[in-house]
Amino acid sequence: MLLTTRYEPLFGWGTLWQLTVMSIGGAVATPVFFEVFGLLKRMFGYTRSTQSSFRPDREIRRGRS
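A brief structural summary. Since the structure is predicted, the reported quantities are computational estimates derived from the model, not experimental observations.

Scoring rules and cut-offs
- Residues numbered from 1 in each chain as written.
- Predicted model: local features only at pLDDT ≥ 70, side-chain atom pairs only at ≥ 80, totals over all residues.
- Heavy atoms only, no water.
- Helix = DSSP H or I, 4+ residues; strand = E, 2+ residues; numbered from the N terminus.
- Rg over C-alpha atoms; globule rule 2.2 N^0.38 Å.
- Buried < 20%, exposed > 50% of the residue type's maximum accessible area, 1.4 Å probe, protein only.
- Areas by Shrake-Rupley, 256 points an atom, 1.4 Å probe, with all protein chains shown as cover.
- Lys, Arg positive; Asp, Glu negative; His and termini not counted.
- Charge placed at Lys NZ, Arg CZ, Asp CG, Glu CD.

What follows deals with the overall build of the protein chain. Of the regular secondary structure elements, the protein chain holds 1 helix and 0 strands. In terms of C-alpha radius of gyration, the protein chain reaches 30 Å, well past the compact-globule figure of 11 Å for 65 residues. Projected onto its principal axes, the C-alpha positions of the protein chain cover 100 × 25 × 20 Å. Relative to its 65 residues, the protein chain shows a buried fraction of 0%. When the accessible surface of the protein chain is split by element, carbon and sulfur atoms take 62% of a total near 7,500 Å². For the protein chain, the distance from the average position of its 9 positive side-chain charges to the average position of its 4 negative side-chain charges is 13 Å.

Pasting the structure below:
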């Protein structure tokens, strides 16, 4: 019906081509973005100290000395 009234259908070969190209491009770009953002996180991120000053076997003095 659309073709008889000279309207272009919204879904056609061009749409399938764009969907295919965008899917392949996204599949290629995703791992690259993860690596780049991981590198930026390692470069600019704050690394916490793994050593703690808390010792579980310490005793706390209470009262007057």
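Its place among the elements puts M22 in helix α1 (residues 13-44). For the pair M22 and F54, spaced 32 residues apart in the sequence, the C-alpha separation amounts to 53 Å.

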